[in-house]
2 protein chains.
Amino acid sequence: MTTKGTAERIIEAALQLVSEKGYTAATTKSIAELAGVNEVTLFRHFGNKRGLLKAIIEQFSYYPLLQQEINQNVTWELEQDLLNFSLKHFHFLMSIKDFVMIGFKESIQFPEISEEIANIPLLIKKELIVYFQEMHQRGKIREVDFEAAALSLIALNFGHFMSRARLGTIVSDLPTEELLQTSVAIFSRGLVS
Amino acid sequence: MTTKGTAERIIEAALQLVSEKGYTAATTKSIAELAGVNEVTLFRHFGNKRGLLKAIIEQFSYYPLLQQEINQNVTWELEQDLLNFSLKHFHFLMSIKDFVMIGFKESIQFPEISEEIANIPLLIKKELIVYFQEMHQRGKIREVDFEAAALSLIALNFGHFMSRARLGTIVSDLPTEELLQTSVAIFSRGLVS
DNA sequence: TTAGCATGTAAGTAATTACTTGCATGAAAG
DNA sequence: CTTTCATGCAAGTAATTACTTACATGCTAA
């Protein structure tokens, strides 16, 4: 009980600090301080600093991926489906924002994270291609390179996510939902036959 | 002569290492080693480690921005213009890839870089909005939220850039030009009236 | 030739960092 | 009541880091 709470608090603090300042700059002292525990407790739980990050990675691998949820609520109405997907995609990325940032920052020190993160667009791409193919067979979208189309939608959402996650409302103060709606409206209109 | 070359080599090495490993993990020793100079030379040139990064930021502020080049070669043919812009945008981001990465990694330690980087999409957004408005008046694109449209195109290109810059061909081995072409084709088709 | 200037070399310093050890404490479980 | 177990606390260690100082060397320009 107390144990679990302690370890969790340490992981949480590490996740925050490492994603903010990077692995090296996030000292064990500062992590322990933010978690509200003694520094030795950190080592007693995770052995060493790398062990702490391993725990973070492991926790992430249990995180429910977006993938399964994509095919749910499919209406075979292009714009509606893509908006539904894009909203989910965006909020999913936001929910794992810290992981994504660590993945980008520590791709050299912890290539495992990079791989884990790179897997997300890969899985989503496959799902989207299948969806686009089916939509094409139903005569609802025109013939395009479905892989490129899938990658584009993913890039679109990822771009919006990065902009909001790192720059906030500096670039634009449009409400996220509104922005995504217009974004998807243009994109799906470009796909319809 | 030799002075300039030395300072430049140090800056180059720092740019590479800091963008790869982050500011804290890129030690002055490793930077000097990569630059092929003695560590003291680094301090003689830039005073301290922060001074070195200041020099990097300053060098970037002199970098020719994409902005002016956008309005050149405008044909008022939507797809052609947007493809031309997107290719320029993408390759511009690639050319300042290391700056962008530092900007994302060191947004806390060096907020100036973040601001500098955030300025890019802001300027481009303004240019794109003007272009879209003019295209609308010419009856070539339909009525949409031009700001959202501009942000979407920027997010699209940025997403492609991030994917290629960090994940290489893991997600897809489609040739960049081909990918951008399909990407822009869909997007512009979604805008035409 | 000489004077200056950029750089290399060697040595050192104070601070920080990851990590350890030994002991005290307090709460829960048997 | 006692044992166990997670944690706190104090102290310390070896390595690393940013940075300094003093002196030697070699190239360039006057």
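Residues numbered from 1 in each chain as written. Chains lettered and ligands numbered in written order. Predicted model: local features only at pLDDT ≥ 70, side-chain atom pairs only at ≥ 80, totals over all residues. Heavy atoms only, no water.

By the criterion of burial, helix 7 (residues 97-105) of chain B is predominantly enclosed, with seven of the nine residues buried. Where helix 7 of chain B is concerned, the buried positions are Phe99(B), Val100(B), Met101(B), Ile102(B), Gly103(B), Phe104(B) and Lys105(B). (Buried < 20%, exposed > 50% of the residue type's maximum accessible area, 1.4 Å probe, protein only. Helix = DSSP H or I, 4+ residues; strand = E, 2+ residues; numbered from the N terminus.)

For these two chains of identical sequence, chain A goes onto chain B by a turn of 180 degrees and a shift of 0.0 Å along the axis, with RMSD 0.0 Å. Accordingly, the operation relating the two chain copies is best matched by a two-fold axis. A shared binding surface is used by both copies, with 98% of the interface residues of chain A retained as interface residues in chain B. (Least-squares fit on C-alpha atoms with pLDDT ≥ 70 in both. Contact = heavy atoms within 4.5 Å.)

Further remarks concern the packing of helix 7 (residues 97-105) of chain A against helix 8 (residues 111-137) of chain A. Residue and element names in this part refer to chain A. It is at 8 Å that the axes of helix 7 and helix 8 come closest, and there the two elements cross at 125 degrees. Here helix 7 lies oblique to helix 8, going by the angle between them. In this structure, helix 7 meets helix 8 at a crossing whose hand is left-handed. Residues Phe99, Val100, Ile102 and Gly103 of helix 7 lie in contact with helix 8, whose contacting residues are Ile113, Ser114 and Ile117. Residue composition of the contact of helix 7 with helix 8, by class: five nonpolar, two polar and no charged. (Axes fitted to C-alpha atoms, helices over the stretch in contact; angles between N-to-C directions. Parallel < 35°, antiparallel > 145°, perpendicular 65-115°, else oblique. Left-handed = near helix turned anticlockwise from the far one by under 90°. Nonpolar A, V, L, I, M, F, W, Y, C, P; charged D, E, K, R; others polar.)

Okay, the nonpolar core next. Core analysis: the biggest nonpolar cluster contains 128 residues, and Phe132(A), Leu191(A), Phe132(B) and Leu191(B) have the highest contact counts within it. The contacts of Leu191(A), once residues within four sequence positions are left out, are Leu78(A), Leu82(A), Phe132(A), Ile141(A), Arg142(A), Val144(A), Ala149(A) and Ile186(B). (Core = buried A, V, L, I, M, F, W, Y, C linked by side-chain atoms within 4.5 Å.)

Moving on, we get to the protein's contact with DNA strand D. The local shell around DNA strand D holds 17 residues, among which Thr6(A), Thr41(A), Arg44(A), His45(A) and Lys49(B) are the closest. Per the 4 Å cut-off to the protein, sugar and phosphate atoms form 62% of the nearby atoms of DNA strand D. Within the contact set of DNA strand D, a phosphate oxygen lies 2.7 Å away from a backbone nitrogen or oxygen of Lys49(B). Counting residues per element, the ones that place at least two in the surface near DNA strand D are helix 1 (2-21) and helix 3 (39-46) of chain A together with helix 3 (39-46) of chain B. Ranked by residue count, the leading element in the surface near DNA strand D is helix 3 of chain A, at four residues. A per-class count over the surface near DNA strand D returns four nonpolar, eleven polar and two charged. (Near = heavy atom within 4 Å. Polar contact = N/O pair within 3.5 Å; in protein donor to acceptor, adjacent residues only side chain to side chain.)

So, about the packing of helix 6 (residues 78-95) of chain B against helix 10 (residues 176-189) of chain B. Residue and element names in this part refer to chain B. It is at 9 Å that the axes of helix 6 and helix 10 come closest, and there the two elements cross at 135 degrees. Compared by their axis directions, helix 6 and helix 10 come out oblique. As for the relative orientation of helix 6 and helix 10, their crossing is right-handed in sense. Here Leu78, Glu79, Leu82, Leu83, Ser86, Leu87, Phe90 and His91 of helix 6 lie close against helix 10, whose contacting residues are Thr176, Glu177, Leu180, Gln181, Val184, Ala185, Phe187 and Ser188.

Our focus in this paragraph is the protein's contact with DNA strand C. Close contacts around DNA strand C come from 18 residues, with Lys49(A), Thr6(B), Thr41(B), Arg44(B) and His45(B) the closest. Atoms of DNA strand C within 4 Å of the protein: sugar and phosphate make up 60%, bases the balance. Taking Lys49(A), its main chain carries an N or O atom lying 2.6 Å from a phosphate oxygen of DNA strand C. In this structure, Asn38(B) approaches DNA strand C through a main-chain N or O atom, which is 3.0 Å from a phosphate oxygen.

Time to look at the interface of chain A and chain B. One frequent convention defines the size of an interface as the accessible area lost when the parts assemble. Every contact between the two is made by 42 residues of chain A and, on the other side, 41 residues of chain B. When the two sides are added together, the surface that chain A and chain B hide from each other amounts to roughly 3800 Å², 70% of it contributed by carbon and sulfur. Area buried by chain A at its contact with chain B is led by Val171(A), Ile186(A) and Arg189(A), which between them contribute 16% of it. Joining chain A to chain B, the criterion identifies zero salt bridges. The interface formed by chain A and chain B includes twelve residue pairs in polar contact (both at pLDDT 80 or more). Among the elements that line the side of chain A that touches chain B, the one with the most residues is helix 9 (residues 146-167) of chain A, at 13 residues. Its residues assigned to classes, the side of chain A that touches chain B comprises 23 nonpolar, ten polar and nine charged. (Buried area = accessible area lost by both parts, 1.4 Å probe. Salt bridge = Lys/Arg side-chain N within 4 Å of Asp/Glu carboxyl O.)

This part is about the side chain of Thr6(A). All names here are of chain A. Assignment of secondary structure puts Thr6 in helix 1. You can call Thr6 buried: its relative accessible area is 12%. Thr6 has contacts with Val37, Thr41 and His45, leaving out every residue within four places of it along the chain.

Residue and element names in this part refer to chain B. Under the defined criterion, the tally for this structure stands at 16 aromatic pairs over all chains. Where Phe60 meets Phe99, the ring centres are 4.6 Å apart and the plane angle is 40 degrees; that geometry is what we call tilted. Highlighted residues: Phe60 in helix 4 (residues 49-61) and Phe99 in helix 7, separated in sequence by 39 residues. For Phe99, a relative accessible area of 8% translates into the label buried. Centre to centre, the rings of Phe132 and Phe146 are 6.5 Å apart; their planes meet at 35 degrees, and the pair counts as tilted. Linking Phe132 in helix 8 (residues 111-137) with Phe146 in helix 9 (residues 146-167), this pair joins segments that are 14 residues apart in sequence. Assigned by exposure class, Phe132 and Phe146 land together as buried. (Phe/Tyr/Trp six-rings, centres within 6.5 Å; stacked < 30°, edge-to-face > 60°.)

Here we take up helix 10 of chain B. Over its 14 residues, helix 10 of chain B runs 20 Å from end to end, which matches the ideal 20 Å to within 8%, given 1.5 Å per residue. Among all positions in helix 10 of chain B, only Leu179(B), Leu180(B), Thr182(B), Ser183(B), Val184(B), Ala185(B), Ile186(B), Phe187(B) and Ser188(B) are buried. Residues of helix 10 of chain B that are buried in the fold lie against helix 9 and helix 10 (176-189) of chain A together with helix 6, helix 8 and helix 9 of chain B. (Expected span 1.5 Å × (residues − 1).)

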